[in-house]
Amino acid sequence: MGPTLGRELFKNSLLALSLAFLGIVAYLSFRFKFDYALAAILGIAHDVLFVVGIFSLLGLLYNVQIDGLFITAILTVVGFSVHDTIVVFDRIRENLRYYSKKMSFGEIVNASVNQTLARSINTSLTTIITLAALYFFGGVTTKDFVLAMLIGIAIGTYSSIFFCSVLVDIWEDKKNNKTPDNKAAAVV
């Protein structure tokens, strides 16, 4: 692949990633709230930066190259991560309808994560087992693609459960503590 094709691939992949982020923000803002969309985008950025960071280290240490399959793996990780995050957010929204008068928002988030935890782990574990089989028994040409997917799915499962939901809880807590009565009480 020449430098012109490399530049073109890089430009197109950044455009695809940007469009995916905009689509995700629009969908989550419409379906949930903007806070949820922002938390999901930060979770996705976390996942992408983690995979890119690992591959940067692998490139320095083992001369691993980033190619079109890597971009495909990153976009797949983005899709997998946002899907897992949406499942958790949907459970939070559903539980808010039924328990908002009985439980605090943090307790609802905790209950929602606990309710979706087994599903998220089972889905990710099934995918990881399949990817591990492809990594160890598959061809050499797809090894880096599968490795990027393995790392991305594992970190995406973590961020959906323990990062995005916690961000939503923290932001909701900060919003509730910024009422004028609480500000006056905090100053006194």
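Up top is the structure these notes are about.
Attention here is on the structure that accompanies the text. (Residues numbered from 1 in each chain as written. Predicted model: local features only at pLDDT ≥ 70, side-chain atom pairs only at ≥ 80, totals over all residues. Heavy atoms only, no water.)

## Considering the packing of helix α2 (residues 34-62) against helix α3 (residues 68-99)
Logical step 1: Where α2 contacts α3, the axes come no closer than 9 Å and their chain directions differ by 150°. In terms of orientation, α2 lies roughly antiparallel with respect to α3. Here the hand of the crossing between α2 and α3 comes out right-handed. Mapping the contact onto sequence places Tyr 36, Ala 39, Ala 40, Ile 44, Asp 47, Val 48, Val 51, Val 52 and Phe 55 in α2 and Phe 70, Ile 74, Val 77, Val 78, Ser 81, Val 82, Thr 85, Phe 89, Ile 92 and Leu 96 in α3. (Axes fitted to C-alpha atoms, helices over the stretch in contact; angles between N-to-C directions. Helix = DSSP H or I, 4+ residues; strand = E, 2+ residues; numbered from the N terminus. Parallel < 35°, antiparallel > 145°, perpendicular 65-115°, else oblique. Left-handed = near helix turned anticlockwise from the far one by under 90°. Contact = heavy atoms within 4.5 Å.)

## What to know about unusual backbone geometry
Logical step 1: Positioned with a positive phi, Asn 63 is a non-glycine residue whose angle comes to about 60°.
Logical step 2: Structurally, the position occupied by Asn 63 is in the loop between α2 and α3.

## Notes on the packing of aromatic side chains
Logical step 1: Within the structure shown, the criterion is met by 6 aromatic pairs.
Logical step 2: Between Phe 32 and Tyr 36 the ring centres are 5.7 Å apart and the planes differ by 10°, which places this aromatic pair in the stacked class. With respect to burial, Phe 32 and Tyr 36 carry one shared label: buried.
Logical step 3: Look at Phe 32 and Phe 89: their rings are 6.1 Å apart centre to centre, the planes differ by 75°, and that puts the pair in the edge-to-face class. Of this pair, Phe 32 sits in the loop between α1 (3-31) and α2 while Phe 89 sits in helix α3, and the two are 57 residues apart along the sequence. When sorted by exposure, Phe 32 lands in the same class as Phe 89, which is buried.
Logical step 4: An aromatic cluster is built from Phe 32, Tyr 36 and Phe 89, whose rings are joined through pairwise contacts.
Logical step 5: The aromatic ring of Phe 32 is capped on one face by Arg 31, whose charged end is 6.0 Å from the ring centroid. (Phe/Tyr/Trp six-rings, centres within 6.5 Å; stacked < 30°, edge-to-face > 60°. Buried < 20%, exposed > 50% of the residue type's maximum accessible area, 1.4 Å probe, protein only. Lys NZ or Arg CZ within 6 Å of the ring centre and 35° of its normal.)

Purely spatial values, then, with no claim about function.
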